[in-house]
Amino acid sequence: MLRDKFMEGFGTLVRSELSVLFRRRRTWAMLATIACIPIFLAIAVQLSGSTIPPGEGPPFLDRVSQNGLFVGFTAMILAIPLFLPLTIGVVAGDTIAGEANTGTLRYLLIAPVSRARLLVIKFIGASAFAIAATATLMITGIIVGLILFPVGPVTLLSGDVISIPAALLRIALVAGYVTISLMGLSAVGLFISTLTVIPVGAMAATVVVSTVSQILATLPQLEIIHPYLLTFNWLGFADLLRAPMDFHSMAINTIVQIAYIAIFGSAAYSRFTTKDILS
Amino acid sequence: MSRNRRRWIPAVLAPVIIAGSVLGFSVQANAAIDLPNKSASQILQMINTNPDIAFSGRIVKKASMGLPPMNVVPDISQSMIDEAAKRMPKEMSDFLPKASAQGQLALALEFFAGTHTANIYVDGANKARLQVLDLLSERDYIRNNNELWSYDAGKSRAEHSVINESEVKSAENDARTLFNQNSGKLPFDYTSPAAVAEYVLNEAGKYATISVASDAKIAGRGAYQITITPKGNQSLVASATLSIDAATGLPLAARVIAVGQSTPAFEVAFESITFDKPAASNFNFTPPAGTRVVEVAAPTKADVLREIAKAPQAPSENDARTQLEDLAAQGWGAVAVIPAAQVPAELRLLQVNNNLYKELTKPVSGGRVFTSALMNIFFADNGDVYAGSVTVARLLEVAAK
């Protein structure tokens, strides 16, 4: 009985957090911008008219004009380094610092919600945005691809050709892979957000973490720490486009992201539960 | 206050637990194991010679040859770089690749630099596939019975050739006849693996110390290890280690350590392996639509003979033998000498035209040297080339003779 009640209360809070998040104009503006990536990409390829010689431009770009299903993959590769982390930075950096800044944090905590549970709810909200962001990008990619280009069986990196339903499954897996990557960054953003009452600072710091991590991954002198970097396996989703499907990167990336979620989640807990809430 | 302090426990504990499990995992992976003792000769005899073996696994190749920092971009020609240099502002010239390498040269340089991961599938002698896992791309090299395929996803390009069975059979027969005719001349009894192993150990033992290293765990399997340590101080190789699976005799890893280095200069090792038969679909390849397929005719015996005839002043059989024997007599301090007349024209051209040559070599008196952790090459001004896994001083000493 008591447990049901707890879950019910928790469910209500999650639902209210999600409805606040997805009713914000900022959230929709960011999702709309994300949707623009595959749209612009497809239009650019369509207008250029000429087929791009294989091996030029970003990976997969040369295949877009032959098969619309590649729009999503190419857009994902373009969006991973900066654009998706940027939107996650805005959402995750805003979680606690945003409430503190507008003075609503105090009222949230007056209601019988433990601070730990508030953190979990905020993390669920940021993760929901990560799912929405990757899904928006992929689904827009599929729709634009359907409109502008012929769609057919998809050629994998190994040269094998798979049917459209099998390709859609792989698209979903790639979106899942990227979502998991972004959840690791969300946990970092959540922690940074407990450090300050200025949301813009937390947002910027989160994006800086992802960018610095990517820069470190390009320095050969730091090869020894590369496997532990947050962003090191982010592009590994290409392993899902091989035959046989290779889940090695998926497993490694998931473990790394879970480690980051555990470390920064507990740091956020310790910081947030011991903090004096003044606003 | 104490309650607040307790709340910091998770923040401290989480990193500690994670660091601990990372450490624990690597300790477990490198855990010492002890296999029943074997002599070097017994380990050599163990090496798998059964062509019907089936396995698949992941291989990681790491090379740190100490090459000069270079900026080789494969498949950009020098003229493209020059063109780009004209269009770019001078301040940005640092971002241009310093040199280019194309075709086989690019492949060779890639092999000697950096880290690569590949999946390998083998089913008997006639079915094999190497799947090189490039970032966001892939290269495949597949043999399915008589069909040979190579596929480069990044370039959408495939090469295909068909092995001519009768050619292979006749080559096999030729080799067998030659072997049977000459087997009496072999200084060991070739029908006894033990005798062959002893002979190899004896011959190699003249120039190197061969020892059994401690047993290791590689790709989760127990492996015997043999270490070869060259005698004398002229070689660049400090030691070479071969690891052999205790159960199947398949070599699982090879490591070469250069003098003065603690990490291997070159290392190929299985990261994971299974001895299940790989699925047949791994070896089937049909070039996808839009792929440029290049048919490469498998060289016939006549082709090979013609190519050999074309080589500039091919050394006679006797010359070649004396050269080889001379090399062998020098042991690990061996220096190969290619007289100017025998240097292939392609290499000549490279020396004149390609910036890569200047980038990779540095001037010494009388020519230029290419240095790396395991190999030094001296290009004398008169066109002679001296190469060996030896110090530059030794190369110059040989060249001065």
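Everything that follows concerns the structure shown earlier in this document.
None of these values were measured; they are calculated from a predicted model. (Residues numbered from 1 in each chain as written. Chains lettered and ligands numbered in written order. Predicted model: local features only at pLDDT ≥ 70, side-chain atom pairs only at ≥ 80, totals over all residues. Heavy atoms only, no water.)

(A) Examining the overall build of chain A more closely. Counting secondary structure elements, chain A contains 10 helices and 2 strands. For chain A, the sequential pattern of α-helices and β-strands runs α-α-α-α-α-α-α-β-β-α-α-α. Within chain A, contacts between residues at least 6 apart in sequence are counted, and of these 76% link residues at least 24 apart. Total accessible area on chain A stands at roughly 12300 Å², and carbon and sulfur atoms take up 73% of it. (Helix = DSSP H or I, 4+ residues; strand = E, 2+ residues; numbered from the N terminus. Contact = heavy atoms within 4.5 Å. Areas by Shrake-Rupley, 256 points an atom, 1.4 Å probe, with all protein chains shown as cover.)

(B) The arrangement of unusual backbone geometry in detail. Between Ala243 of chain A and Pro244 of chain A the backbone carries a cis peptide bond, its omega angle lying at -5°. Inspection of the secondary structure puts Pro244 of chain A in the loop between helix H9 (199-216) and helix H10 (248-274). For Leu136 of chain B, which is not glycine, the phi torsion reads 60° and is therefore positive. Within the element layout of this structure, Leu136 of chain B appears in the loop between strand E5 (127-132) and strand E6 (139-144). Although it is not a glycine, Ala219 of chain B adopts a positive phi angle of roughly 50°.

(C) Fine view of the nonpolar core. Counting residues in each nonpolar core, the largest one holds 82 residues, and the members touching the most others are Met76, Leu84, Val174 and Phe237 of chain A. Ignoring anything within four residues of it in the chain, the contact list for Val174 of chain A reads Phe73, Met76, Met138, Phe237, Leu240 and Leu241 of chain A. Of all hydrophobic cores here, the second largest spans 14 residues; its members include Ile53, Ile59, Leu252 and Ile273 of chain B. (Core = buried A, V, L, I, M, F, W, Y, C linked by side-chain atoms within 4.5 Å. Buried < 20%, exposed > 50% of the residue type's maximum accessible area, 1.4 Å probe, protein only.)

(D) Structural detail: the interface of chain B and chain A. Between chain B and chain A, the contact holds 32 residues from the first and 30 residues from the second. Together chain B and chain A conceal approximately 2500 Å² of surface at their shared face, both sides included; 57% is due to carbon and sulfur atoms. If you look at where chain B meets chain A, you find 2 salt bridges. Taking the shortest distance from any N to any O, the salt bridge between Arg58 of chain B and Asp246 of chain A comes out at 2.6 Å. Where chain B meets chain A, there are 15 residue pairs in polar contact (both at pLDDT 80 or more). Those elements that place two or more of their residues in the side of chain B that touches chain A are helix H1 (2-7), helix H2 (9-29), strand E4 (113-123) and E5 of chain B. The element contributing the most residues to the side of chain B that touches chain A is H2 of chain B, with 6 residues. Residue classes in the side of chain B that touches chain A are distributed as 15 nonpolar, 9 polar and 8 charged. (Buried area = accessible area lost by both parts, 1.4 Å probe. Salt bridge = Lys/Arg side-chain N within 4 Å of Asp/Glu carboxyl O. Polar contact = N/O pair within 3.5 Å; in protein donor to acceptor, adjacent residues only side chain to side chain. Nonpolar A, V, L, I, M, F, W, Y, C, P; charged D, E, K, R; others polar.)

(E) Region of interest: the pairing of strand E1 (residues 54-64) of chain B. Residues and elements named next belong to chain B. In terms of residue burial, E1 counts as a mostly covered element, since 9 of its 11 residues are buried. Strand direction decides the pairing type here: E1 and E4, joined by 11 bridges, are antiparallel. By the bridge assignment, Lys62 is partnered in E4 with Thr115. Bridge count between E1 and strand E13 (residues 266-274): 8 bridges; the pairing is antiparallel. Within E13, the residue paired with Gly57 across the bridge is Ile273. (Pairing = 2+ DSSP bridges.)

(F) Highlighting the sheet that holds E5 of chain B. Residue and element names in this part refer to chain B. Spatial strand order, E9-E10-E11-E12-E13-E1-E4-E5-E6-E7-E8-E14: 12 strands in an open sheet with mixed pairing. A single partner strand is all that each edge strand has here, and the edge strands are strand E9 (208-218) and strand E14 (292-295). This sheet shows a mean twist of 15° between the axes of neighbouring strands, independent of strand direction. Where strand E7 (residues 147-152) meets strand E8 (residues 157-162), 6 bridges bridge the pair, whose relative direction is antiparallel. Each residue of the ladder has a partner; that of Trp149, found in E8, is His160. (Axes fitted to C-alpha atoms, helices over the stretch in contact; angles between N-to-C directions.)

(G) Representation of the pairing of strand E18 (residues 376-380) of chain B in the model. All names here are of chain B. The element E18 is largely enclosed, with a buried count of 5 among its 5 residues. Two strands pair when backbone bridges link them, and strand E17 (residues 367-371) and E18 are joined in this way by 5 bridges, in the antiparallel orientation. Directly across from Phe370, in E18, lies its bridge partner Ile377. From the end of E17 to the start of E18, which pair antiparallel, there are 4 residues. Across 4 bridges, E18 lies against strand E19 (residues 385-388) in antiparallel orientation. Residue pairing in the sheet places Phe379 in a bridge with Val385 of E19.

(H) Structural view of empty space enclosed by the protein. Residues and elements named next belong to chain A. One pass over the full model with this rule turns up 1 cavity of 30 Å³ or more. The space that makes up the largest cavity amounts to roughly 30 Å³. Taken together, Ile80, Leu84, Pro85, Val178, Ser181, Leu182 and Trp234 make up the full set of residues lining the largest cavity. Taken together, the elements giving at least two residues each to the lining of the largest cavity come down to helix H5 (83-102) and helix H8 (164-193). Among the elements that take part in the lining of the largest cavity, H8 stands out by supplying 3 residues, more than any other. For the lining of the largest cavity, the residue count by class is 6 nonpolar, 1 polar and no charged. (1 Å grid on protein atoms, 1.4 Å probe; cavity = no way out; pocket = protein on both sides within 12 Å on 5 of 7 lines; lining within 4 Å. Points joined across faces, edges and corners; volume = space filled by probe spheres on them.)

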